[in-house]
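Next come the chains, spelled out residue by residue.
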Amino acid sequence: MLTPKKTSLQPSRLSAWVVLFLISLLLIFLWAGTSFFQFINEATSALMAFFGPLYLILGFLAVILAVFLSIHPISKRKLGKGKPEYGLGSWIAMLYSTGMGSGLLLRAVQEPVYFLENPPRSSNLSAEVFALQYTFFHWGFTPWAFYGLTAVLVGWFYYRREKNFLFSDLLFPDSSSPKWTADLIDLLVIMTTFFGVLASVGLGSRQLLSSSEFWGGVNWDAKWAIIPLSLISTAATLSAFLGVRKGIKRLSDLNIAGATLLLSITFLMGPIGSTLELFFESLFSYFISWTPMSLNLGSWSVSNDFLQNWTVFYWAFWLAWAPFTGIFIARISHGRSIREVLLGTLLIPSLGTFLWFSIFGNHAFDLIAKQSLSAEELESVYSSIFVFFGQLPFAKVTQFLSTFFLATFLITSIDSAIFVLSMYLDRGKREPKKRIRFFWGASFFTLTALVLWSGGEQLLLTISNILILSSLPFAVVFLPLLFFLFKNLKSITHENS
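Analysis parameters
- Residues numbered from 1 in each chain as written.
- Predicted model: local features only at pLDDT ≥ 70, side-chain atom pairs only at ≥ 80, totals over all residues.
- Heavy atoms only, no water.
- Patch = residues over 30% accessible without salt bridge, like charges linked within 9 Å, V, L, I, M, F, W, Y side chains within 5 Å.
- Areas by Shrake-Rupley, 256 points an atom, 1.4 Å probe, with all protein chains shown as cover.
- Salt bridge = Lys/Arg side-chain N within 4 Å of Asp/Glu carboxyl O.
- Helix = DSSP H or I, 4+ residues; strand = E, 2+ residues; numbered from the N terminus.
- Axes fitted to C-alpha atoms, helices over the stretch in contact; angles between N-to-C directions.
- Parallel < 35°, antiparallel > 145°, perpendicular 65-115°, else oblique.
- Left-handed = near helix turned anticlockwise from the far one by under 90°.
- Contact = heavy atoms within 4.5 Å.
- Nonpolar A, V, L, I, M, F, W, Y, C, P; charged D, E, K, R; others polar.
- 1 Å grid on protein atoms, 1.4 Å probe; cavity = no way out; pocket = protein on both sides within 12 Å on 5 of 7 lines; lining within 4 Å.
- Points joined across faces, edges and corners; volume = space filled by probe spheres on them.
- Expected span 1.5 Å × (residues − 1).
- Buried < 20%, exposed > 50% of the residue type's maximum accessible area, 1.4 Å probe, protein only.
- Core = buried A, V, L, I, M, F, W, Y, C linked by side-chain atoms within 4.5 Å.

A. Summary view of a nonpolar patch on the surface. On the surface, a nonpolar cluster with roughly 380 Å² of combined accessible area is contributed by L88, L343, L347, I348 and L351. Considering each element in turn, the nonpolar patch owes the most residues, four residues, to helix α13 (residues 338–369). Its place among the elements puts L347 in helix α13.

The structure is reproduced here in structure tokens:
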């Protein structure tokens, strides 16, 4: 069994910082006024406007570097010795559930319809192809390049260089470095992960509450989203207790089976021929337009407002999730080559996502064209998927299944976050102590419940913006870390030649 070298990190000291941080959050959420929320939101807008070009360049370079590294001979090297720890199907299910998860159900019809009604610029493409092109752009290669590269970075230094699953161990490998700097880096990763999952689970809990109106006939006040929250938090903590193989893996397998079932039902009940045609046409337009869209060039350029509110926001959001998601993907990728990890994360989830949005999006376009639904009815991320299924046969069944699988996707988002954060408080160990897992499970429930009960939409927006702000430090060090990785890989190659 590979045992990483010990670092200067003291779990007791980091735990104290985390507890202090969480208590401070509680106090801020309880007593912060409108001025605080407004300050955070304005600060986010100003920083995104200033650093917007940096995010565009990072998004472009991440995909280029992922492709380059995946075809380079050094990508044959494995993250750890022996065979892959998990089969290909379960591996894909876990990275898909962790990397995107409930967002695909939240946005399945809402985002394609939004771009259908609000195209970001003029285009010679049909409105349907153009809408899917931009949906593909924000959910496709770029986020998965962020995740895959981070996973290779962390996995290589853990499995082959005997480091810990900690970013402080990568940035400050010298034990003589100041202790507070390592703690600050680790605390930043913890904070970003915590905020990211809190925001996603808050939105998902609201969507679960909305679902009861459609298949259960009950209309709840928004603050009662703490009821589904308590159920999914309990299930997520139990899953994290069971570990990756017995808990997270099995739920992820269930997620993929459920998503495939909903996708198949929607596909078979929709306009099959036009859906396939739209999928391939949108995919082709996305491929040939990816570079100018990524760099906002020429006739592909969009307004600054759209750029800040959509593309830059998405890139910052995916980057904020990259440390947590990358660590988890590295954790489940033992025995896989760098090429497998990069191509697996870059291509398979992206193509699955493109097919997902094509099937749901085109069916929604068809319902709008036939005036069975209006675009306005599909505006809400909370209710759009349930309104959509309400127009199809077996509405109650599909609405219930959507609710169930939304819950399981949320559970896998929380349980993988619990697991990664527990690794952080337990010296980066692959199997952290169960009492630490319980601590994080309870923390997620308590703070998310507080947000849903007292702050509502305004507080969720503020938390999302704090998440975006916390992505800036990682954005700054992202490329230097990748250069550090490539240099290390090259040196290993020379040593063995």
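Now, onward.
B. Spatial organisation of the packing of helix α6 (residues 127–139) against helix α11 (residues 272–295). Contact pair α6 / α11: the axes reach a minimum separation of 8 Å and the direction vectors enclose 55 degrees. With respect to α11, the element α6 is oriented oblique. The two elements α6 and α11 cross, and the hand of that crossing is right-handed. Contacts between α6 and α11 involve E128, V129, L132, Q133, Y134, F136 and F137 from the first element and L278, F279, E281, S282, L283, S285, Y286, S289, W290, M293 and S294 from the second. By residue class, the composition of the contact of α6 with α11 is 11 nonpolar, five polar and two charged.

C. Inspection of the layout of surface pockets at higher detail. Reported here for the largest pocket is a volume of approximately 950 Å³. Lining the largest pocket are 33 residues; nearest its centre among them are R107, L203, F313, F317 and S464. Broken down by element, the lining of the largest pocket gets its largest block of residues, eight residues, from helix α12 (residues 304–331). Class assignment for the residues of the lining of the largest pocket results in 18 nonpolar, 13 polar and two charged.

D. Fine view of helix α15 (residues 395–424). Relative to the 44 Å expected for 30 residues at 1.5 Å per residue, α15 spans 44 Å between its end C-alpha atoms, a close match to the ideal helical length. Counting buried residues along α15, 26 of its 30 residues qualify, which places the element largely inside the surrounding structure.

E. Inspection of the nonpolar core at higher detail. Grouped together as the largest cluster of nonpolar side chains are 161 residues, with contacts concentrated most on F146, F388 and W440. Not counting the four nearest positions on each side in its chain, F388 is found in contact with V109, T266, F360, H363, A364, L367, L373 and L378.

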